[in-house]
Amino acid sequence: MAFFLGRRLEDTELSEEKFSVLWGIPIFASDAISSVSYAGEEVLLVLVPVLAYASFRYFLPIVAAIICLLGILVFCYRQTIEAYPEGGGAYIVASDNLGEKIGLIAGGSLIMDYILTVAVSSCAGAAAITSAFPSMLPYKALLAFLIICLLTWGNLRGIRDSSVMFGVPTYLFILTMLSLIVTGIVKYSLGMVTPVEDAVIAANAAEIQKDAMIILILKAFASGCTALTGVEAVSNGVPNFKEPAAKHAKKVLLAMAGFVCIIFFGVSLLISLYKIMPSEDATTVSLLAAAVFGKGSAMFYVTQVMTVVILSLAANTAFADLPLLMSLIAGHGYLPKQLVNRGSRLNFSNGILFLFGMASILVFVFRGSQYLLLPLYASGVFISFFLSQFGMFTHWRKRKGPHWQFKAAVNGFGSVLTGAVLIIIVIMKFMRGAWVALLLITLFILIMLRIKKHYEKVNDDLTLSSDEMALAEINRDKTARVIIPVQSLNKSFIKTLNCALSCGFASMELYSVCSTEENALRIKEQIEALGVDCDFRYDVTTLRNTNEILLNHIRQEADADENRRLIVMMGGLVVRSPHAKILHNSTTHRLMKKLETYRNVYIFSVPYVID
């Protein structure tokens, strides 16, 4: 396992795992950069069936409008990073300024967005492969799934390993796209391209009514806004940067905007100059590469390979951001607590596995087609955009501070703009699939509210009152020794302790494994306040291997005297609701299964029932 996932990391190594600007760009900007491979195509897919070659008259102005919107969003999100360097993006901003329920709407939208990012990017990467190798078209969904598997493996290895593994190819893609743009413009300037006659274009455009043209352009603009997915990724993941985190995050945000503007506009310009029409069998970028470099040339295949890589790595942005976002939401009690914990490689491995599972399901349900998935995409993104900007507008009005009027005006303008675009996207894409995204976001919110309600009930049931802190002393047996693991003092632990005291054991040990010395001493003080005559022992670890250390301690105690009865008594939380069981990690059950192999150890579980 260590060979496959890398060595286990200590808590103290977390700062070394964080991103610099150099490696932060490919990790957090790859989603936005990769959108140039399909955003222009999405615009043309709306225009071409109606306007044919006349589409190119409106194509570049629509692209320019999208790029202007990108610039405004980037400027707005710089203020978000400055105000909320702890990360969380729209979820934290909306929760803090608009209320927790509104924050859940932003959180649900972002979760949906990141799942779709992985599904769409992997499907688009598979499409780039099948464009170069058409014989693989029947295996498109499987190819997308394999891409997701590769990204999951890379991210499970840890933050630093994934940044190096996926960072270099992103820069190679940027260089490839710049080569394509420069070569294409030079060839066009030298007259090596035969353009489509302008008369044909004018004739096609003249047949469209003015009102219908406005609706068509708005629909194309809504489709092209998929280019803006990933803009919020940097503000969500600020804690993943090295200190000063906010400063580094702002630099990455500006670099991302620069790369997206240059590549998106450059590729779109070539598509317009070369009159590249969308095809069902090949992506627009592959057709453009064939026109510029020649189909079958080395650079054509290099472009295809790099496109596959960047589209796949776009999903890596979600792998970097979503687990962190879910850990923040779980910390507030709206998602399972297991998502808060970092894994052995200091990543949020449970969140990574959740993302893997959900994206894989979407890939197979939609048969590996990014075109079927894209209508679900932008609506969730712009919900989070709008709530983030309106939340920041409210933030400046409440908190004031230096130049707050200007900052509030910037975010106020951003909220009006993103709100207007959201309305356009929902109206234009509602019947094409946006309703599915809105339904799923609503479902996520309802699930999170149910989870919060469950945890609040568990907390109420476990919390000790002052009267319940008093315990009675009774006689103890002269032979047996009992060990009671303790992580915190709650009703379940007190019930277990009372049970042990009632059994009359010769000696009793309360044993704790803590992440810091301070936590251990705090637990010791709480136990001393109970007035119980028992030993308290503890160990400290920074590797989050609590169960491993506990089992080693019990084994050593058992081996010390094979003739002595050693009893391990553990409290176990029993949840009646079958739906709520998945929200608890069944630690007691797993430990009991391990302890069953110890010959002279007796195991008792003291259940504490939650309705």
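In case you missed it, the structure is sitting above this.
Residues numbered from 1 in each chain as written. Predicted model: local features only at pLDDT ≥ 70, side-chain atom pairs only at ≥ 80, totals over all residues. Heavy atoms only, no water.

Asker: Would you mind showing me how to read the overall build of the chain here?
Answerer: A count of helical and extended segments in the chain gives 23 helices and 5 strands. Partitioning the contacts of the chain with sequence separation of at least 6, the portion at a separation of at least 24 is 82%. Accessible surface for the chain amounts to roughly 26,000 Å². Of this, 62% is attributable to carbon and sulfur atoms. (Helix = DSSP H or I, 4+ residues; strand = E, 2+ residues; numbered from the N terminus. Contact = heavy atoms within 4.5 Å. Areas by Shrake-Rupley, 256 points an atom, 1.4 Å probe, with all protein chains shown as cover.)

Asker: When you look at helix α15 (residues 298-331) in this model, what are you seeing that I'm missing?
Answerer: Between its terminal C-alpha atoms α15 stretches 50 Å, which fits the 50 Å expected from 34 residues at 1.5 Å a residue. Along α15, the helix axis deviates most sharply at D321, where the bend reaches about 25°; the proline P323 sits within four residues downstream. For α15, the tally of buried residues reaches 26 of 34 residues, placing the bulk of the element in the interior. Looking one or two places after α15, you find G333, whose phi comes out positive at around 90°. (Expected span 1.5 Å × (residues − 1). Bend = angle between axes of the 7 residues up to and from the residue. Buried < 20%, exposed > 50% of the residue type's maximum accessible area, 1.4 Å probe, protein only.)

Asker: Would you mind showing me how to read the pattern of salt bridges here?
Answerer: Any two side chains of opposite charge can pair, so long as their charged atoms come close to each other. Summed over the entire model, instances satisfying the criterion amount to 9 salt bridges. Measuring nitrogen to oxygen at the nearest pair gives 2.5 Å for the salt bridge that ties R481 to E509. Residue R481 is located in strand β1 (residues 481-485), and its partner E509 is located in strand β2 (residues 507-514); the two are separated by 28 residues in the primary sequence. When sorted by exposure, R481 lands in the same class as E509, which is buried. A salt bridge links D535 to R481; its shortest N-O distance comes to 3.9 Å. Of the two residues, D535 is situated in strand β3 (residues 535-540) and R481 in strand β1; the sequence distance between them amounts to 54 residues. Overall, D535 belongs to the partly exposed group, its relative accessible area being 40%. One continuous salt-bridge network, built from bridges that share partners, spans R481, E509, D535, R537 and E557. (Salt bridge = Lys/Arg side-chain N within 4 Å of Asp/Glu carboxyl O.)

Asker: Help me understand the pairing of strand β4 (residues 566-575) in this model?
Answerer: Two faces belong to every sheet, and in a regular strand the side chains alternate between them. The buried fraction of β4 is high, at 7 of 10 residues. With 3 bridges joining them, β1 and β4 adopt parallel strand pairing. Within β4, the residue paired with I483 across the bridge is V568. Both β4 and strand β5 (residues 601-610) contribute to a ladder of 10 bridges, which runs parallel. In the strand pairing of β5, V568 is matched with I603. (Pairing = 2+ DSSP bridges.)

Asker: Just to check I follow, could you spell out the packing of helix α7 (residues 100-132) against helix α8 (residues 140-156) for this structure?
Answerer: Each pair of packed helices can be described by the angle between their axes along with the distance between the axes. At a minimum axis distance of 8 Å, the contact between α7 and α8 shows a crossing angle of 120°. Compared by their axis directions, α7 and α8 come out oblique. Relative to α8, α7 is oriented so that their crossing is right-handed. In this structure, α7 contributes V118, S122, C123, G125, A126, A127, I129 and T130 to the contact, and α8 contributes K140, L143, A144, I147 and I148. Split by residue class, the contact of α7 with α8 holds 9 nonpolar, 3 polar and 1 charged. (Axes fitted to C-alpha atoms, helices over the stretch in contact; angles between N-to-C directions. Parallel < 35°, antiparallel > 145°, perpendicular 65-115°, else oblique. Left-handed = near helix turned anticlockwise from the far one by under 90°. Nonpolar A, V, L, I, M, F, W, Y, C, P; charged D, E, K, R; others polar.)

Asker: Explain the packing of α8 against α15 to me, please; I cannot follow it from the model alone.
Answerer: One can describe the packing of α8 onto α15 by two numbers: an axis separation of 10 Å at closest approach and a directional angle of 45°. Compared by their axis directions, α8 and α15 come out oblique. Between α8 and α15 lies a crossing of right-handed hand. Of the residues in α15, those in contact with I147, I148, L151, T152 and N155 of α8 are S312, L313, A315, N316, F319 and A320. Split by residue class, the contact of α8 with α15 holds 7 nonpolar, 4 polar and no charged.

Asker: When you look at unusual backbone geometry in this model, what are you seeing that I'm missing?
Answerer: Most peptide bonds take the trans form, and the phi angle of most residues other than glycine is negative. The omega angle of the peptide bond from E243 to P244 is -5°, so this bond is cis rather than trans. Note on placement: P244 falls in the loop between α12 (233-236) and α13 (245-274). The phi angle at H403 is positive, at roughly 55°, despite the residue not being glycine.

Asker: Please explain a nonpolar patch on the surface as it appears in this structure.
Answerer: Taken together, the side chains of V168, L172, L175, L178 and I262 make up a nonpolar region of the molecular surface, amounting to roughly 420 Å² of accessible area. When residues of the nonpolar patch are assigned to their parent elements, the largest contribution, 4 residues, is made by helix α9 (residues 159-189). Overall, V168 belongs to the partly exposed group, its relative accessible area being 40%. (Patch = residues over 30% accessible without salt bridge, like charges linked within 9 Å, V, L, I, M, F, W, Y side chains within 5 Å.)

Asker: Is there a simple way to explain the sheet that holds β5 in this structure?
Answerer: The pairing of strands in a sheet comes from backbone hydrogen bonds and takes either a parallel or an antiparallel form. Judged by pairing direction, the sheet is parallel, and its 5 strands sit side by side in the order β3-β2-β1-β4-β5 without closing on themselves. Edge positions in the sheet fall to β3 and β5, since each has one partner strand and no second. Across this sheet, the average inter-strand angle for adjacent strands is 25°, counted without regard to direction. Where β2 meets β3, 6 bridges bridge the pair, whose relative direction is parallel. Residue pairing across strands places C514 opposite V540, the latter belonging to β3.

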